[in-house]
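This is what each chain is made of:
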Amino acid sequence: MTSWLRRRDHNIFTNATSLLVCGLLAGVVVAAAAFPAAAMSGLAAKAGGTTFASLPSELKDFSSPQITRIYASDGRTQISQFYDEFRSDVPLKDISENMQDAIVAAEDRKFYEHNGVDIKGVARAFVSNNQGGSQQGASTLTMQYVRMSLAYSATNPQEVIDATTDTPKRKLTEMKYALQIEKQLTKGQILERYLNIAPFGNQAYGVYAASQVYFNKKPKDLTVAEAAMLAGMVKAPTSFNPTTESGNEQITARRNNYVIPGMVSMGKITQAEADKAVKEKVPSKVKAVGNGCVSVAKNYWGFFCDYFYRWWMSQEAFGATTYDRERRLKSGGYKVVTSMDLKGQAAARTEILKVEKDTDRNAALLAGVEPGTGKVRVLAANRKYKLDDPDDPENKLSSDPAKRAKGIRGTYPNTTNPLITGGGDITGYQAGSVFKMFTMVAALEKGLPLSYSINAPDQYKSGYIISSSSDSACAGTHFWCPTNAGKESGVWNMWGAFGKSVNTYFVPLEEKVGAENVVAVAKRFGVQFRAPEDAKLAATETSANQWGAFTLGVSNSTPLDMANAYATLAGDGKYCEPTPVEQITTADGEKIDVGKPHCIQATTKDVARAALDAARCPVGDSAQLGNCKGGTASNTRSIVDHPVFGKTGTTDNSKTASLIVGTTKLVMAGYLVNPDWQNHTDYMSHDVINAAVQYSLRDYMEGKPSVQFKTPSSDKISVGEQRSIPDVTCDSISTAKDRIEGAGFEAVTGSSVESSCPKGTAAGTSPDGKTVKGGTVVIEVSAGKEEDEKETPTTGLTTVPGRRR
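Notes on the structure follow. (Residues numbered from 1 in each chain as written. Predicted model: local features only at pLDDT ≥ 70, side-chain atom pairs only at ≥ 80, totals over all residues. Heavy atoms only, no water.)

Overview of the overall build of the chain
A tally of regular secondary structure across the chain gives 28 helices and 27 strands. In the chain, which comprises 805 residues, the proportion classed as buried is 52%. Pairs at least 24 apart in sequence give 70% of the contacts found in the chain among residues at least 6 apart. (Helix = DSSP H or I, 4+ residues; strand = E, 2+ residues; numbered from the N terminus. Buried < 20%, exposed > 50% of the residue type's maximum accessible area, 1.4 Å probe, protein only. Contact = heavy atoms within 4.5 Å.)

In structure tokens form, the structure reads like this:
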């Protein structure tokens, strides 16, 4: 007895406060119900005093979090979805009447009779709650909607607490809001908003999500039994979770013993329909709800999805901070049609797996970009886009000995690293001679034509200073002395040198135009310089000026970087920022411009067209402005079966192999690399990466019209300013050299040829007639002709036919 008295004493002030507040509520509610037109006017104020009148009655505008869905370029095929809350609003017409009736039966059977507040319910709850009976809330559907709306429109944690804590003041606030809302909205509008905001457990918010999670169907197709189960869950989604044993029992009982009978008593279904419905088993499993790029519909879409996500997170249009941008993505309800081409993506993945398996430690990485728009069409690799399970890992130990010794695993077969596009710890890979394109563009911009010739020796002593201990330094010096991959010495122009990838042509060409200008072209063409050392060298003209090896591709890049750089040539010199987007539409149906092509004129049309013409040589196509002297991937043209341009690249000791091939529709770049350890000892075969790129592009271009590349508006950029070469036939070599250099050419001594000129003199030049101003002229040395040197019997003198005096 004493214990009971102490409890009564302890609660006496609480009981008195509750009685006072409930009296206040009862007065307000009676006034509102008896005189609804005046409920918010003086009568209500008199009934409830100034406290009620001072409460707000207008809910803040808010939007409940919505799913953002991303699609392939066809606008129909969903790639993935992003959300904080799995929710997608649907209009009432797309919600079955079964669901509408069931939620009313479960939560507020007098919904269509009251003005937002159920007076009898308030009184009943007051009596029950204060006499020790079962706890009752007396909240109508409208009041519940108010509560959820206040929580979603809260701008700080305290407002969330105020909106959800069970206090008399909160109940009073809900009532006032509810009475006002009932004036502003129809019952159907209130019901629609309620069903779209209510939580249903298992990450399902709103009836659309609930229908998908529990029954894998649309809300318009819900049966009586299904609707009744969902309606029964709203009161306590965790307790009524059908995937747990106790929850399944409780929701089955609530559905069968309360919700369905309620629908019968309301006259919404017959007893026969009810009897049929209670026989349906409540599901114990739910549909897995994918979220983000690890849940893409097809795994080989994962790297593209990841690129889209990283792109979105970099866009200031979606918020000032990365937190704001992610919230916008996961709650904004956007429809994003991406640039991913389904056919191209599937083809690239198929062709890659023909040459490199997912379990291979070396990675074949492909990126495809559309010229003139920057739209990324293809991103593929021989990797599964997946987080490796640390408790049951599939990935092998890293091929990097230092990492392997620490037990660190590699990126094969599973990874979510942006291997193809770069970002985070991925700074890219050295790609080799594909960078020679930047030198060629810089030279053309400086006025040197495609016909510009240079005598390329087997080893070239440059003016670039490096460590004297380097293997690349000329013996006993600190000068960089690059060599060629093969026997390629001789006089070359840009068509031939680019086609055969002659190092000792492009290094002196880089010296002539300035390495800083070559780096500047690369910047304009979108190379990112992610590696800290690369960024340091590229930062200023002074630092870039001594970066002689840049033309040979020693700077890190990604397949996406270089696909887009070469797409700048096919886009008539227009560089477009790479974008994964075709169109973004807001939840309200508004189309926004974020992600649309953003382009600059990175070089002139004529320079781009001229460079592209020379770039046809490496891949077996025919130059329109000059003559190719062979290529390094000459079978490409016949495989793709369209006009093509491009370039191969190989790094020292074949640690990387790369190929870039483009048409007017798509430029595809492929790298074969070891992303875990770039200082590996494997040989990267061009047979592997070339086939992946060539056949992927072939499949993409299948059925598309064959379109020829455009040529420059003037032939000057290809042939340059032509000057006459002096006729030095039979001159001494020193005289011939002086005359040629005096005419503005570079003179070099060539090999011996048979000639009627005396042995050791100039037999002629190559080229002869005319050549480009400043170009190289080779002096051919006469080997003489023994039969032409005859002794005259009368004088004993030797007569040399053809000798000019």
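We are not done yet, so read on.
A short note on the side chain of Glu107
With respect to the secondary-structure elements, Glu107 resides in helix H3 (residues 97–107). Among residues more than four places away in sequence, those in contact with Glu107 are Ser139, Leu141, Gln144, Tyr194, Ala231, Val234, Lys235 and Arg254.

A few points about the environment of Tyr205
When you line up the elements, Tyr205 lands in strand E4 (residues 204–205). Between the alpha carbons of Tyr205 and Pro65 there is a distance of 9.1 Å; along the sequence they are 140 residues apart. Not counting the four nearest positions on each side in its chain, Tyr205 is found in contact with Glu85, Phe86, Arg87, Ser88, Tyr152, Ala198 and Pro199.

As for the state of the cysteines
Two cysteines whose sulfur atoms are joined by a covalent bond form what is called a disulfide. Under the counting rule described, the total for this entry stands at 5 disulfides. One disulfide bridge connects Cys293 with Cys305, the sulfur atoms lying 2.1 Å from each other. What sets the handedness of the Cys293 and Cys305 disulfide is the S-S torsion sign, and at about -80° it is left-handed. Taken together, the positions of Cys293 in the loop between helix H12 (271–279) and helix H13 (302–313) and Cys305 in helix H13 put the pair 12 residues apart, joining distant regions of the chain. Each of the two residues, Cys293 as well as Cys305, counts as buried. Between Cys617 and Cys628 runs a disulfide, and the two sulfur atoms are separated by 2.1 Å. Across the S-S bond of Cys617 and Cys628 the torsion is about -75°, and the bridge reads as left-handed. One end of the pair, Cys617, is in the loop between helix H24 (605–614) and helix H25 (636–640); the other, Cys628, is in the loop between H24 and H25, and 11 residues separate them in sequence. The exposure class of Cys617 is buried, given its relative accessible area of 2%. What connects to what in the chain, once the bonded cysteines are numbered by sequence position, is 1-2, 3-4, 5-6, 7-8, 9-10. (Disulfide = S-S within 2.5 Å.)

Here's the deal with the environment of Asp358
Tracing the chain through its elements places Asp358 in the loop between helix H15 (342–355) and strand E6 (363–369). Owing to a relative accessible area of 10%, Asp358 belongs among the buried residues under this scheme. With 53 residues separating them along the chain, Asp358 and Thr411 place their C-alpha atoms 9.9 Å apart. One polar contact links the side chain of Asp358 to the main-chain amide nitrogen of Arg383, over a distance of 3.3 Å. In this structure the side chain of Asp358 is engaged in a polar contact, spanning 3.3 Å, whose partner is the side chain of Lys384. (Polar contact = N/O pair within 3.5 Å; in protein donor to acceptor, adjacent residues only side chain to side chain.)

So, the sheet that holds strand E19 (residues 657–662)
Across the sheet, 5 strands lie side by side as E7-E6-E20-E19-E18; this open sheet has antiparallel pairing. Each edge of the sheet is formed by a strand with only one pairing partner; in this case those strands are strand E7 (376–381) and strand E18 (645–650). The mean angle between the axes of side-by-side strands here comes to 10°, regardless of whether they run parallel or antiparallel. With 5 bridges connecting them, E6 and E7 associate as antiparallel partners. Residue Ala367 lies in a different strand from E7, and its bridge partner there is Leu379. (Pairing = 2+ DSSP bridges. Axes fitted to C-alpha atoms, helices over the stretch in contact; angles between N-to-C directions.)

Notes on the nonpolar core
Buried together is how nonpolar side chains tend to be arranged in soluble globular proteins. Counting residues in each nonpolar core, the largest one holds 99 residues, and the members touching the most others are Trp312, Phe438, Met494, Tyr505 and Met562. With 61 residues, the next largest nonpolar core counts Leu150, Ala228, Val259 and Ala274 among its residues. (Core = buried A, V, L, I, M, F, W, Y, C linked by side-chain atoms within 4.5 Å.)

Considerations on the sheet that holds strand E23 (residues 762–766)
Pairing within the open sheet is mixed, and its 3 strands lie in the order E22-E25-E23. Single-partner strands in this sheet number two, and they are strand E22 (746–753) and E23. The average angle at which neighbouring strand axes cross in this sheet is 30°, direction not considered. Judged from the 4 bridges that link them, E23 and strand E25 (residues 776–782) form a sheet pairing that is antiparallel. Looking across to E25, one finds that Ala762 is bridged to Val781. Contacts from helix H28 (residues 733–742) reach E22, E23 and E25, with the element oriented near 165° to E25.

A closer look at the pairing of E7
Extensive coverage of E7 is indicated by the burial of 6 of its 6 residues. Between the end of E6 and the start of E7, which pair antiparallel, lie 6 residues, with Gly372 showing a positive phi angle near 85°.

Here we look at the pairing of strand E5 (residues 335–338)
Two strands pair when backbone bridges link them, and strand E1 (residues 68–71) and E5 are joined in this way by 3 bridges, in the parallel orientation. Across the sheet, the residue bridging to Ile70 is Val336, located in E5. Two strands pair when backbone bridges link them, and E5 and strand E15 (residues 581–585) are joined in this way by 4 bridges, in the antiparallel orientation. Bridge assignment links Thr338 to a residue of E15, and that residue is Val581.

Quick notes on the packing of helix H11 (residues 245–265) against H12
The geometry of H11 relative to H12 is characterised by a closest axis approach of 10 Å and an angle of 160° between their N-to-C directions. Classified by the angle between their axes, H11 and H12 sit roughly antiparallel to one another. Considering the relative orientation of H11 and H12, their crossing is right-handed. Judged by residue contacts, Arg255, Asn256, Ile260 and Val264 of H11 engage Gln271, Ala274, Ala277 and Val278 from H12. Among the residues forming the contact of H11 with H12, the class breakdown is 5 nonpolar, 2 polar and 1 charged. (Parallel < 35°, antiparallel > 145°, perpendicular 65-115°, else oblique. Left-handed = near helix turned anticlockwise from the far one by under 90°. Nonpolar A, V, L, I, M, F, W, Y, C, P; charged D, E, K, R; others polar.)

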